[in-house]
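# Observations on chain architecture
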Amino acid sequence: MKTVLVVDDEFDLTSTLKAVLEDRGYRTCVCATGRETIDCLRHTRPDLILLDVMIPLGSGYTVLDRVRATADLAGTPVVLMNNVPPPADRAVRWQAFIRKPLSLAAVVEAVEKLIGPGASAGREVT
Amino acid sequence: MRESSDSPEGTTPGGAAGRVQSGIPRLDYILKGGFFHGGTYTVMGPPGSGKTILGNQFCFNLASTGAGACVYLTLLVESYDKMLRHLESLRFYKPEHVSERIVYVSGYPALKTGGADGLLALIRGTLDEHKPVIFVIDGMESLRQFADGEQKVKEFVHELQAYTAMTGCTTLLMSFKDPSYAYTENAVVDGIIELSDTLVGPRAVRELTVHKFRGGDYLRGRHEVEITDRGIVIHPRTEIQFDKPPEQATEQRIRMAFGVKEFDKMLFGGLPSGSATALLGAPGAGKTMLGLSFLVEGARQGQKGVYFGFYEPPPRLIEKAAQINIPLEKYVESGQVELLWQPPLEHMLDSLAEQLLEKIRETDEPRRRLFVDGIEGFRAASVYPDRMPRFLSAFCNQLRMSDVTALITEELPLFRPDIDMPNPELANVVETVVLLRYVELRSQLHRLISVMKMRESQYDTSIREFKITDAGVEVAASFESAEAILTGLARTSPGGEGRA
């Protein structure tokens, strides 16, 4: 089962994303701060990271720098999320950007496009 | 209306020493310089009273000055994305500051999992990372739900305050006002600001009250609050802003004529400059026309004038004036006379006074004239009618200090022969009272004019007949025609049309 790491400090948002992604057959991990995310990535190798930029204790960009600097994480697709677009002068090191407030369809589409459908996709409901 | 939060006297940007200015119109004026660096302040109020807007406006205003970073931490379950979306319609909102100069973080997960101590750890880490000038916590009521008792909340605030004081970060704790909660933590904060939103009759009234402000003086009592596309705008109570007027105006007084020959003679040349006059009369008695004559005569002499009225829009006023040969349009076009019309809708008393006083302060030209038509527009805007005497006193003092000669109309009842001022306090605060009235004789209505009072000045005490004709406003040369009307001995004037 593919794993999506959801990084956001907004409780209602992470709860919803976790439920929706699990319904679609993905395993999820949730972190609420930059520090927690970096700790988590020491022992977790997600298939994709949904990464909020405005998080406490290390911003999303700090986490992204760490991901790209870690050999076996460097190729992990990252979907950035924020209320404002990333500054144009930042080097593009993420695979997708989704502007907040989030559209669920946009999140699911980005995840499926980058790592394919979850385990439940295509299963018949009996 | 000015955009800045300056005092009417114009404090310099940047604020007093050790202060951080909110940039919220007139909040810094109420706080006499702004918040203290490193201070912790509670902002409390019911939903819809403007707490969140106030906190964000403070952050965006500071971000716009480039004075430092802001951290806005929400303890609410709901996402701050929704809050940011709602802020987009406000003029202070600048998306480029979000996540660059203003960082929004949620403390709810830390509070849920680690309680007050977990939240405090998150806050210390976040403040250490961003080193903000302003830190806002929105939703302090969530802390009360998760913290173990009121004492724990107090300890949290105390510890937070100790930390932010040492880092010089000004902190706002936004809290829903819960009547069942004791708010013991308010004993340790540096200031308490309450926003309220109440119904007074059918009107919804928002107000701001500063209950406590350590280390500084502030304007006490309730102040009107508006929420517009500019965000929060506060209108300090007029009478408390100007509670210490100078003992006297310094200018040499001159007479300000009406351009109505016989009336000016009654006044020994006109109204004393820098004085206030109440012009009383029933509807249709001629108050507006006499007031416009006053402005136009001033303009003719090179003195600027302002009309501030509630009932007649400028085109209608210009048309009415033209009908009786008062060249108002000419002076409006040249800029000598300005017409400020307030549609008779729901206004706020101090907002009206502010608009007018700020207009007056736009220039410091001497010998300006003001015609307020009429005072009942101010009374209708007042939520607390018992404020009117103090309001009028402060308002008139400000006009005097600006060397403005003010003529203020007051409407009297149409169908009552006795004269009963709806605002008796107006007569006390003005130097001069002029009365226009109707007298009915032999099925004809006649207008009379008299000067009822003129403080420290000579005036003619006779009652005169007053007419509005195609040629303008006229006052009879003697008291005889008025006497004839009042005694019922009116007679046909030689060569004139039949008079009663």
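For every chain, the first residue of the written sequence is number 1, and numbering continues from 1 onward in sequence order. For this description, chains carry letters from A and ligands carry numbers from 1, given in the order in which they are written. Residues qualify for local features only when their pLDDT is at least 70, as the model is predicted, and side-chain atom pairs are given and counted only at 80 or more; totals for whole chains, interfaces and linings, by contrast, use all residues. Working from all heavy atoms in the structure, the side-chain values ignore hydrogens and water.

### Things to note about the packing of aromatic side chains
Residue and element names in this part refer to chain B. This is how it is decided: Between the rings of Phe, Tyr and Trp (Trp by its six-membered ring), a pair exists once the centres lie within 6.5 Å; its type follows the angle of the planes, with under 30 degrees stacked, over 60 edge-to-face, and the other angles tilted. Runs of E in the DSSP output that reach at least two residues are strands. Runs of H or I that reach at least four are helices, and both are numbered from the N terminus. Exposure categories follow from relative accessible area, calculated using a 1.4 Å probe and restricted to protein chains: below 20% of the type maximum is buried, above 50% is exposed, and the middle band is partly exposed.
One pass over the structure, following the stated rule, counts 23 aromatic pairs over all chains. With 5.7 Å between their ring centres and 50 degrees between their planes, Phe 60 and Phe 92 make a pair best called tilted. Residue Phe 60 is located in helix H2 (residues 51–65), and its partner Phe 92 is located in the loop between helix H3 (80–87) and strand E5 (102–106); the two are separated by 32 residues in the primary sequence. The class for Phe 92 is buried, based on a relative accessible area of 7%. A centroid spacing of 4.7 Å and a plane angle of 85 degrees characterise the contact between Tyr 181 and Tyr 183, whose relative ring orientation is edge-to-face.

### Points about the environment of Asp 264 of chain B
Looking at the secondary structure, you find Asp 264 of chain B in helix H8 (residues 261–266). As a C-alpha pair, Asp 264 of chain B and Leu 122 of chain B span 142 residues in sequence and 75 Å in three-dimensional space.

### So, the packing of helix H1 (residues 11–23) of chain A against helix H4 (residues 104–115) of chain A
Residues and elements named next belong to chain A. For clarity, the cut-off: An axis is simply a line fitted to the C-alpha atoms; with a helix, the fit covers only the stretch in contact. Between two such axes, the angle follows the N-to-C directions and lies from 0 to 180 degrees. Under this scheme an angle from 65 to 115 degrees is roughly perpendicular, one under 35 degrees roughly parallel, and one over 145 degrees roughly antiparallel; angles in between are oblique. Whether a crossing is left-handed or right-handed is set by the direction in which the near helix is turned from the far one by less than a right angle, anticlockwise for left-handed and clockwise for right-handed. Residue contacts follow a heavy-atom distance rule, with two residues in contact if any of their heavy atoms lie within 4.5 Å. Any residue outside Ala, Val, Leu, Ile, Met, Phe, Trp, Tyr, Cys, Pro, Asp, Glu, Lys and Arg is labelled polar, Gly included; the first ten of those are nonpolar and the last four are charged.
With their axes 11 Å apart at the nearest point, H1 and H4 run at an angle of 50 degrees to one another. Judged by the angle between their axes, H1 and H4 are oblique. Where H1 crosses over H4, the handedness of that crossing is right-handed. Contacts between H1 and H4 involve Leu 17, Val 20 and Leu 21 on the former and, on the latter, Leu 104, Val 107, Val 108 and Val 111. Here the contact of H1 with H4 is composed, by residue class, of seven nonpolar, no polar and no charged.

### So, the domain arrangement of chain B
Residues and elements named next belong to chain B. Under the convention used in this document: For the domains described, the bounds stem from an automatic or database domain assignment. Summed over both partners, the accessible area (1.4 Å probe) lost when two parts come together is defined as the buried area. One speaks of a salt bridge when a side-chain nitrogen belonging to Lys or Arg is within 4 Å of a carboxyl oxygen belonging to Asp or Glu. We call two N or O atoms a polar contact when they sit within 3.5 Å, provided that within protein one can donate a hydrogen and the other can accept it, with sequence-adjacent residues counted only if both atoms are side-chain atoms.
Segmentation of chain B into domains returns domain 1 (19–236) and domain 2 (255–487). If you average the C-alpha positions of domain 1 and of domain 2, the two centres end up 46 Å apart. With twelve residues of domain 1 at the interface, the matching set in domain 2 holds 14 residues. Of the roughly 1000 Å² buried at the junction of domain 1 and domain 2 (both faces included), carbon and sulfur atoms supply 43%. Across the domain 1-domain 2 interface, the total number found is two salt bridges. Note that Arg 26 and Glu 354 form a salt bridge whose closest N and O atoms lie 3.4 Å from each other. Scanning the region where domain 1 abuts domain 2 turns up ten residue pairs in polar contact (both at pLDDT 80 or more). For the side of domain 1 that touches domain 2, the elements supplying multiple residues, two or more each, are strand E9 (203–213), strand E10 (222–228) and strand E11 (231–235). For the side of domain 1 that touches domain 2, a count of residues per class yields five nonpolar, one polar and six charged.

### Looking at the environment of Thr 65 of chain B
All names here are of chain B. Tracing the sequence through the fold places Thr 65 in helix H2. As for Thr 65 and Gly 23, which are separated by 42 residues in sequence, their C-alpha atoms are 9.8 Å apart. Within polar-contact distance, the side chain of Thr 65 engages the backbone oxygen of Leu 62 at 2.6 Å.

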